[in-house]
Amino acid sequence: MSIISIQELNKSFGAFSAVEDFNLVTEDGEFVVLVGPSGCGKTTTMRMIAGLEGATSGAILMDGQDVTDQTPSERDVAMVFQNYALYPHLTVYENMAFCLKVRKWSKDQIDAQVRRTAKALDIEALLDRKPAALSGGQRQRVALGRAIVREPKVFLMDEPLSNLDAKLRIEMRAEIVKLCRRLKITTFYVTHDQLEALTMGHRIVVMRNGVAQQIDTPQKIYDTPINRFVAGFIGSPPMNFLDTTMEGSGALSGPAFSLQPGGEVQQALASRSGAIVAGIRPEHLQPSPAGVRSDTGFIRGRIELIEPMGSQVLIQVAVNQSLVSAQFERGPEVAVGNEITLIHRPNSIHAFDPVSERSVIAAVS
């Protein structure tokens, strides 16, 4: 177990700044997910934590010790890579035992530790096989086993599930979370998949262009995104954005829609006027069953696309010059080309400054 303190960490490649002023202090045994689009700096940040990449400036401390200039082996970290990085000529047992042999463990100690770890990962029956004889999920378990067998201070996982099919990703996602919670080892996990971030992390670091946009719990990032980028990146399907004008009543209006903010958003908007970018998540919209009440926000448009999703349906609605997505329980029949009126849940409207793109809540906090 370990507490990691990252202070003003920067990495530049010539004139290009890959990571800027990154700051984070973990709790002991915390699972931290770095998420963002390709090229946002998340993998570079992890490589600096591992010692595979030197920092241009800043410091990395592990349990109070400055390890910024230490080698990976001196930091006692273990990495799990996207491509598994298993030795093809060695058996599963030999792959897992390799790092323990390097550390001069005795033969009996190695055997006991490898078999104990293999049992925890349910790969005992695979110990005599070589990687070529394993499925993708089995290889991933072996890669995890090789990382945890020596009980490092920190786990670093760089998109370890990206090569797996959708069903196996979900299964392995749950296995990794359970494993890390049981071992209570501080873990950094890199992904571009925001669903992985929401389901796995104690905290999420949302990155863009080398800058950490928001660091918080999954629920808080989903409920109160700090800016338009975080709001649009976290959540599937992504949040809808509409250019609106504030009315005296407090409604955010535009052609064919009128949205009613509530809670903190309504309070923050009380001191503002003019243009506002409104955000509404697709899962917070549903068809109006019997017209529109005067006190309820609404969006009117024409259905352009319908995507059945089993118990739910996802539709795209043309609203003036914009497309609005709505996701709701399958029920009332909908058809492409039909006009539809959508209503939103209470307190589900987000609002962002059109220039700074910051949430109006963040702007007043």
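Fair warning: this is a prediction, and the values are worked out from it, not measured in the lab.

A. Inspection of the overall build of the chain at higher detail. Tallying secondary structure elements over the chain gives 11 helices and 20 strands in all. In terms of overall dimensions, the chain has a C-alpha envelope of 75 × 45 × 35 Å along the principal axes. Here the chain holds 365 residues, and the buried ones make up 50% of them. Counting every atom, the chain has about 17,400 Å² of accessible surface; 49% of that belongs to carbon and sulfur. Taking the average location of the 37 positive side-chain charges in the chain and that of its 40 negative ones, the two points are 6 Å from each other.

B. Quick look at the side chain of Ser253. Structurally, the position occupied by Ser253 is in strand 12 (residues 252–254). Looking at Ser253, its side chain comes within polar contact range of the side chain of Ser258, at 3.4 Å. Leaving out residues up to four positions away in the same chain, Ser253 has contacts with Asp243, Thr244, Thr245, Glu247 and Ser258.

C. A look at the pairing of strand 19 (residues 339–344). With three bridges joining them, strand 15 (residues 285–287) and strand 19 adopt antiparallel strand pairing. Each bridged residue has a counterpart across the sheet, and for Pro287 the counterpart in strand 19 is Leu342. In terms of strand pairing, strand 16 (residues 298–309) meets strand 19 through five bridges, oriented antiparallel. The partner of Arg302 across the bridge, within strand 19, is Glu339.

D. Structural detail: the environment of Arg169. As for its placement among the helices and strands, Arg169 is situated in helix 6 (residues 166–183). With 27 residues separating them along the chain, Arg169 and Glu196 place their C-alpha atoms 9.1 Å apart.

E. How the structure looks around the pairing of strand 11 (residues 240–246). Taking every second residue as pointing to the same face, the buried face of strand 11 carries Asn240, Leu242, Thr244 and Met246, while none of Phe241, Asp243 and Thr245 on the other face is buried. In this sheet, strand 14 (residues 275–280) lies alongside strand 11 in antiparallel orientation, the contact comprising six bridges. Note that in strand 14 the partner of Phe241 across the bridge is Gly279. Sheet topology note: the strand 11/strand 12 ladder contains two bridges and is antiparallel. Opposite Met246, over in strand 12, you have Leu252 as the bridge partner.

F. Main features of the state of the cysteines. Under the defined criterion, the tally for this structure stands at zero disulfides. Just so you know, Cys99 is unpaired, no disulfide at all, and the nearest cysteine sulfur is the one on Cys180, 16 Å from it.

G. Structural detail: the packing of helix 5 (residues 136–148) against helix 6. Where helix 5 meets helix 6, the closest approach of the two axes is 11 Å, and the angle between their N-to-C directions is 15 degrees. One element, helix 5, and the other, helix 6, form an angle in the roughly parallel class. The crossing of helix 5 and helix 6 is right-handed. When helix 5 is examined against helix 6, the residues Gly136, Gly137, Gln140, Arg141, Leu144 and Ile148 are found in contact with a partner set consisting of Leu168, Met172, Glu175, Ile176, Leu179 and Leu183.

H. Layout of the nonpolar core. With 47 residues, the main nonpolar core has Val35, Val114, Met157, Ile176, Tyr189 and Val206 as its most contacted residues. Here this core gets six residues from one element, more than from any other, and that element is helix 3 (residues 92–102). Leaving out residues up to four positions away in the same chain, Val35 has contacts with Lys42, Thr191, His192, Asp193, Gln194, Ala197, Ile204, Val205, Val206, Met207, Phe233 and Ile234. One finds Phe257, Leu259, Ala278 and Val324 within the second-largest nonpolar core, a separate group that totals 26 residues.

I. Focus on helix 6. End to end, helix 6 covers 26 Å across 18 residues, agreeing with the expected 26 Å (1.5 Å per residue, within 8%). Inspection of helix 6 places Arg169, Met172, Arg173, Ile176, Val177, Leu179 and Cys180 among the buried residues, and these make up the whole buried set. One side of helix 6 carries all its buried residues, which in axial view fall inside an arc of 165 degrees. Looking at the packing, one finds that the buried side of helix 6 touches strand 3 (31–35), helix 5, strand 7 (154–158), strand 8 (186–191) and helix 7 (194–200). Where helix 6 begins, the capping side chain belongs to Asp165, and its oxygen is found 3.2 Å from the backbone nitrogen of Lys167.

J. Here's a closer look at the sheet that holds strand 4 (residues 57–62). In space, the four strands of this open sheet follow the order 2-1-4-5, with antiparallel pairing throughout. Looking at strand neighbours, the two that pair on one side only are strand 2 (16–25) and strand 5 (65–66), the edges of this open sheet. With five bridges connecting them, strand 1 (residues 4–13) and strand 4 associate as antiparallel partners. Looking at strand 4, one finds that Gln7 is bridged to Ala59. Where helix 1 (residues 42–50) meets the sheet, it contacts strand 1, strand 2 and strand 4, and its direction lies at approximately 120 degrees from that of strand 1.

Rules used throughout
- Residues numbered from 1 in each chain as written.
- Predicted model: local features only at pLDDT ≥ 70, side-chain atom pairs only at ≥ 80, totals over all residues.
- Heavy atoms only, no water.
- Helix = DSSP H or I, 4+ residues; strand = E, 2+ residues; numbered from the N terminus.
- Buried < 20%, exposed > 50% of the residue type's maximum accessible area, 1.4 Å probe, protein only.
- Areas by Shrake-Rupley, 256 points an atom, 1.4 Å probe, with all protein chains shown as cover.
- Lys, Arg positive; Asp, Glu negative; His and termini not counted.
- Charge placed at Lys NZ, Arg CZ, Asp CG, Glu CD.
- Polar contact = N/O pair within 3.5 Å; in protein donor to acceptor, adjacent residues only side chain to side chain.
- Contact = heavy atoms within 4.5 Å.
- Pairing = 2+ DSSP bridges.
- Disulfide = S-S within 2.5 Å.
- Axes fitted to C-alpha atoms, helices over the stretch in contact; angles between N-to-C directions.
- Parallel < 35°, antiparallel > 145°, perpendicular 65-115°, else oblique.
- Left-handed = near helix turned anticlockwise from the far one by under 90°.
- Core = buried A, V, L, I, M, F, W, Y, C linked by side-chain atoms within 4.5 Å.
- Expected span 1.5 Å × (residues − 1).
- Arc of directions from axis to C-beta.

Purely geometric stuff here, so don't read any function into it on its own.
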